[in-house]
Amino acid sequence: MRIVVARDYEELSKKAANILASQITLKPDSVLGLATGATPVGTYMELLRIYNEGDISFSEAVTFNLDEYYGLDKENNQSYYYFMMEHLFKHVNIKHKNIHIPDGRAKDIQEECIHYESKIAKAGGIDLQLLGIGRNGHIGFNEPDVKFEAETHLVTLDEDTIEANSRFFISPEEVPKQAISMGIKTIMHSKKILLLASGEEKAEIIYNMIYGKITPELPASVLQLHPDVIVLLDEEAASMLNKNRTS
Ligand code: PGA
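Residues numbered from 1 in each chain as written. Predicted model: local features only at pLDDT ≥ 70, side-chain atom pairs only at ≥ 80, totals over all residues. Heavy atoms only, no water.

Colleague: Tell me about the pattern of salt bridges, and name the residues and values.
Modeller: This model, assessed by the stated rule, comprises 17 salt bridges. In this structure, Arg49 engages Glu46 in a salt bridge whose closest nitrogen and oxygen atoms are separated by 2.7 Å. A residue pair is termed a helical-turn pair when its members lie 3 or 4 positions apart in one helix, as Arg49 and Glu46 do in helix 2 (residues 41–52) at 3 residues. The class for Glu46 is buried, based on a relative accessible area of 11%. Here Lys192 ties to Asp228 by a salt bridge, and the two come within 3.5 Å at their closest N and O atoms. One end of the pair, Lys192, is in strand 9 (residues 192–197); the other, Asp228, is in the loop between helix 7 (203–211) and strand 10 (229–234), with 36 residues separating them in the sequence. The class for Lys192 is partly exposed, based on a relative accessible area of 36%. (Salt bridge = Lys/Arg side-chain N within 4 Å of Asp/Glu carboxyl O. Helix = DSSP H or I, 4+ residues; strand = E, 2+ residues; numbered from the N terminus. Buried < 20%, exposed > 50% of the residue type's maximum accessible area, 1.4 Å probe, protein only.)

Colleague: Lay out the sheet that holds strand 5 (residues 99–100) in plain terms, naming residues and giving numbers.
Modeller: Taken together, 7 strands build an open sheet; the order of strands is 1-10-9-6-2-3-5 and the sheet is parallel. The strands lining the two open edges of the sheet, one partner per strand, are strand 1 (2–6) and strand 5. With 2 bridges joining them, strand 2 (residues 31–34) and strand 6 (residues 128–131) adopt parallel strand pairing. Following the sheet pairing, Gly33 is matched in strand 6 by Gln129. (Pairing = 2+ DSSP bridges.)

Colleague: Describe in detail the packing of helix 1 (residues 9–26) against helix 2, supporting the description with residues and values.
Modeller: Between helix 1 and helix 2, the shortest axis-to-axis distance is 8 Å and the interhelical angle comes to 55°. Looking at the two axes, helix 1 sits oblique to helix 2. The crossing of helix 1 and helix 2 is right-handed. Note on element contacts: helix 2 touches helix 1 through Val41, Gly42, Thr43, Glu46, Leu47 and Ile50, opposite Tyr9, Ser13, Lys14, Ala16, Ala17, Asn18, Leu20 and Ala21. (Axes fitted to C-alpha atoms, helices over the stretch in contact; angles between N-to-C directions. Parallel < 35°, antiparallel > 145°, perpendicular 65-115°, else oblique. Left-handed = near helix turned anticlockwise from the far one by under 90°. Contact = heavy atoms within 4.5 Å.)

Colleague: Just give me the short version of the site of the ligand, but keep the residues and values in it.
Modeller: In the region of the ligand, the neighbouring residues are Gly37, Ala38, Thr39, Gly132, Ile133, Gly134, His138, Arg167 and Lys202. Thr39 places a side-chain nitrogen or oxygen 2.4 Å from an oxygen atom of the ligand. Within the side chain of His138, a nitrogen or oxygen atom sits 2.6 Å from an oxygen atom of the ligand. Protein burial of the ligand: of its 280 Å² of free accessible surface, 88% is covered by the chains. Within the shell around the ligand, the residues separate by chemical class into 2 nonpolar, 5 polar and 2 charged. (Near = heavy atom within 4 Å. Polar contact = N/O pair within 3.5 Å; in protein donor to acceptor, adjacent residues only side chain to side chain. Areas by Shrake-Rupley, 256 points an atom, 1.4 Å probe, with all protein chains shown as cover. Nonpolar A, V, L, I, M, F, W, Y, C, P; charged D, E, K, R; others polar.)

Colleague: Got a sec to walk through helix 3 (residues 80–87)? Specific residues and values, please.
Modeller: Listed as buried for helix 3 are Tyr80, Tyr81, Phe83, Met84 and Met85. Considering only its buried residues, helix 3 is in contact with strand 2, helix 2, strand 3 (62–65), strand 4 (67–69), strand 5 and helix 5 (159–165).

Colleague: So what about the packing of helix 2 against helix 3? Which residues, and what values?
Modeller: The N-to-C vectors of helix 2 and helix 3 enclose an angle of 35°; their axes lie 10 Å apart at closest approach. Contacts between helix 2 and helix 3 involve Val41, Tyr44 and Leu48 on the former and, on the latter, Phe83, Met84 and His87. Considering only residue class, the contact of helix 2 with helix 3 consists of 5 nonpolar, 1 polar and no charged.

Colleague: Describe the nonpolar core, with residues and values.
Modeller: Phe58, Leu88, Phe89, Leu195, Ile206, Met209 and Leu223 are the most contacted members of the largest nonpolar core, which totals 65 residues. Contact partners of Met209, with chain neighbours within four places excluded, come to Met1, Ile133, Leu195, Leu218, Ala220, Ser221, Leu223, Gln224 and Val231. Ranked by size, the runner-up nonpolar core spans 10 residues in total, among them Tyr69, Phe141, Phe169 and Ala179. (Core = buried A, V, L, I, M, F, W, Y, C linked by side-chain atoms within 4.5 Å.)

Colleague: Outline a nonpolar patch on the surface, listing residues and values.
Modeller: A cluster of nonpolar side chains, namely Met1, Ile3 and Val5, defines an oily patch on the protein surface of about 210 Å² accessible area. On the secondary structure map, Val5 appears in strand 1. (Patch = residues over 30% accessible without salt bridge, like charges linked within 9 Å, V, L, I, M, F, W, Y side chains within 5 Å.)

Colleague: Which residues make up the side chain of Ser198, and what values go with them?
Modeller: Topologically, Ser198 is positioned in the loop between strand 9 and helix 7. The buried category is assigned to Ser198, whose relative accessible area is 18%. Of the polar contacts made by the side chain of Ser198, one reaches the side chain of Asp234; its length is 2.7 Å. Ignoring sequence-local partners within four residues, the contact set of Ser198 consists of Tyr9, Thr39, Asp234 and Ala237.

Here's what the structure looks like:
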């Protein structure tokens, strides 16, 4: 794991966008694994700035998002489809057919999950996967569990996740209770991983992810086994690592 500490959220977002932009420059037909949530919003803004300056093109890029709420229509402004359209896709020259997000309204969820996996495989696997991390250590919507769930699957969300994500909804009752998420194996098969974390509320989980034991109780801990991970933090999210270094 390579740990990079940015001064603040703005610098973190710039560094993350630069890594994504470099990936697209080096390999224009990159398969990008993308994430939603508050953390990558600044990254997508910065990526759009780079795009608008004419420095990158998404014309050959292919994307797969990590997850989607179960039961929400694409048009619902809380769906991750909507999020991605607003924050990135509708502003760039990506081909619509190259955008992949699990269908939260699929009639046959099992079939949707299998199909999603096979589309990733057919695209040649993910070149660079962007990740956030939940306060409970989840990546995608792989919640703490007694086992690692390998492939794309239907998840029942943790109370902690529902509470954390309720900031985007009118009330916690409105947060969907289930989601479709790429599995741990899917994520681990990505060639490169870029995990972002910002703010003090992530400091403890980041410390445990890096220095703790590898366990499905802290899903992100499995990233210790991946050969090419950048953990990009702001100073607040890295604050417990600093304490570790000086003690
Ligand atoms: P956040 O979510 O970026 O909104 O903190 C991260 C996550 O839950 O993966």
